[in-house]
Structures are given as structure tokens and as C-alpha cells.
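Examination of the molecular architecture
Here is what each chain is made of, one letter per residue.
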Amino acid sequence: MDDCIGCDQCAMACPVDCISIETIKSAPEDNLGTTSTGQKKRLHVPVFDIDIAKCCYCGLCVYPCPTECIKMTDVYEFSEFDRHNLIYSFSTMTPAEIETAKAKAKKMEEEVAAKKRPLRPQQSRCRSQSCCAGGDRRPQPEGSQQKPE
């Protein structure tokens, strides 16, 4: 789990959808660390579950992983009396850390949305109705006339 960057490549490659990953964007000032390959982590991974009951041990999840954090082993015997015990959760985040990360992400998203919104509506800079009468909303310089179409 220390090497997972939350790219979701393994889950997309899985033919039986036994891998579920959820991510939360981190703030630019957050330092989530780096992987063993030196890649900087940019996403929190609150959910990384593998349902071994569904897994067909094909190994297709191993190859697309850019940080090589998923590996196939020769261990395949996972006998359980209850199927819910076959869902392995690899996330290391506590519920408090997850709530904090979600709150930071929501705040960051609101700040970005506020920056994109205009402060006040744009007012037309037309000096006369002649430029807007024909449907052309671009302002015309003083003294110029539109050509008829």
C-alpha cells in the first residue's frame, strides 16, 4: 500500500471487477510522500479492497501497475466460512484521516470554483445598437460601419 498512487489501472484491467479503489485529491501543500520508484503521490487512497472470492488469479492487474505494488504469489488458498471475510482491505487511512482529506478536497474544490466564477456579469461595450442589431455581438470601433451580408 505504501507504493499505491491510486491510478486505478489495476481495477480497470481486472476482468471480474474484484478490485475497488476510491481516491481523494490532495491539496498542493500536502506531502503524501513518494513511492519506492520515486513517484510523488498526489491522491489519498481511502479504499483499496480486493474481493478474493471473485478473483480468478489471472494476473492481469499486475502488469498495468506503474509502481509495481501488486504482485502475484503462489498463495491461493483462502478458505473461509463467510464470504465477507474474503474482502481484503489494504487501505491504511483511518476514518478520521478520510474525513479530514474529504473536507480539504471539498474546500479546495470550492476555492477553484470561486476563482472561475466571474465577479460580476460582463456588460456590453456596444456604443450603439447598430452593431448588435444584426446579431453580431462584437463591439465595433467608433466610426466603422458594418457591411451588409
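Basis of the calculations
- Residues numbered from 1 in each chain as written.
- Predicted model: local features only at pLDDT ≥ 70, side-chain atom pairs only at ≥ 80, totals over all residues.
- Heavy atoms only, no water.
- Buried < 20%, exposed > 50% of the residue type's maximum accessible area, 1.4 Å probe, protein only.
- Helix = DSSP H or I, 4+ residues; strand = E, 2+ residues; numbered from the N terminus.
- Pairing = 2+ DSSP bridges.
- Axes fitted to C-alpha atoms, helices over the stretch in contact; angles between N-to-C directions.
- Contact = heavy atoms within 4.5 Å.
- Lys, Arg positive; Asp, Glu negative; His and termini not counted.
- Salt bridge = Lys/Arg side-chain N within 4 Å of Asp/Glu carboxyl O.
- Polar contact = N/O pair within 3.5 Å; in protein donor to acceptor, adjacent residues only side chain to side chain.
- Disulfide = S-S within 2.5 Å.
- Expected span 1.5 Å × (residues − 1).
- Arc of directions from axis to C-beta.

**Thoughts on the pairing of strand β2 (residues 43-51)**
For a regular strand, the rule is simple: side chains alternate between the two faces of the sheet. Of all nine residues in β2, seven are buried; the element is thus mostly enclosed. Taken together, the six bridges between strand β1 (residues 19-25) and β2 define a ladder with antiparallel strand orientation. Paired with I19 across the strands is I50, a residue of β2. Pairing of β2 with strand β3 (residues 87-89) involves three bridges; the strand directions are antiparallel. Looking at β3, one finds that D51 is bridged to I87.

**Points about unusual backbone geometry**
Positive phi outside glycine occurs at D8, with the angle close to 70°. Mapping D8 onto the fold places it in the segment before α1 (9-13). With relative accessibility at 27%, the residue D8 sits in the partly exposed group.

**Digging into the sheet that holds β3**
Reading across from one edge, β1-β2-β3 is the order of the three strands in this open sheet, with antiparallel pairing throughout. Here the strands that pair on one side only, and so sit at the sheet edges, are β1 and β3. Strand after strand, the sheet turns through a mean of 15° between neighbouring axes, direction not considered. Those strands touched by helix α2 (residues 95-116) are β1 and β2, and its axis lies near 55° from that of β1.

**Brief notes about the side chain of K41**
Looking at where K41 falls in the secondary structure, it is placed in the loop between β1 and β2. Here K41 occupies a buried position and makes no salt bridge, while the nearest side chain of opposite charge, D2, is found at 5.3 Å. At 2.6 Å, the side chain of K41 forms a polar contact with the backbone oxygen of D2. For K41, the residues in contact, after removing those within four places along its chain, are M1, D2, D3, C4, I5, L32, G33 and T35.

**Structural notes on the environment of F48**
Secondary-structure assignment places F48 in strand β2. On the accessibility criterion, F48 (4% relative accessible area) is buried. Once the C-alpha coordinates of F48 and T23 are considered, the two residues, 25 residues apart in sequence, prove to be 9.0 Å apart. F48 has contacts with M1, C4, C10, S20, I21, I70, Y88, S89, F90 and S91, leaving out every residue within four places of it along the chain.

**Focus: the state of the cysteines**
One pass over the structure, following the stated rule, counts zero disulfides. C69 provides the cysteine sulfur closest to C4, a residue in no disulfide bond, and the two sulfurs are 4.7 Å apart. Relative accessible area serves as the criterion here: at 7%, C4 is assigned to the buried category. The cysteine C7 is free of any disulfide, with C65 supplying the nearest cysteine sulfur at 5.9 Å.

**Thoughts on α2**
For α2, built from 22 residues, the straight-helix expectation of 32 Å at 1.5 Å per residue is met to within 8% by its first-to-last C-alpha distance of 32 Å. All of the buried residues along α2 are I98, A101 and A105. The arc that holds the buried residues of α2, viewed along the axis, is 65°, so those residues lie on one side. Structural note: α2 exposes A96, E99, K106 and K107 on the side pointing more than 90 degrees away from its buried face. Where α2 is buried, its residues touch β1 and β2.

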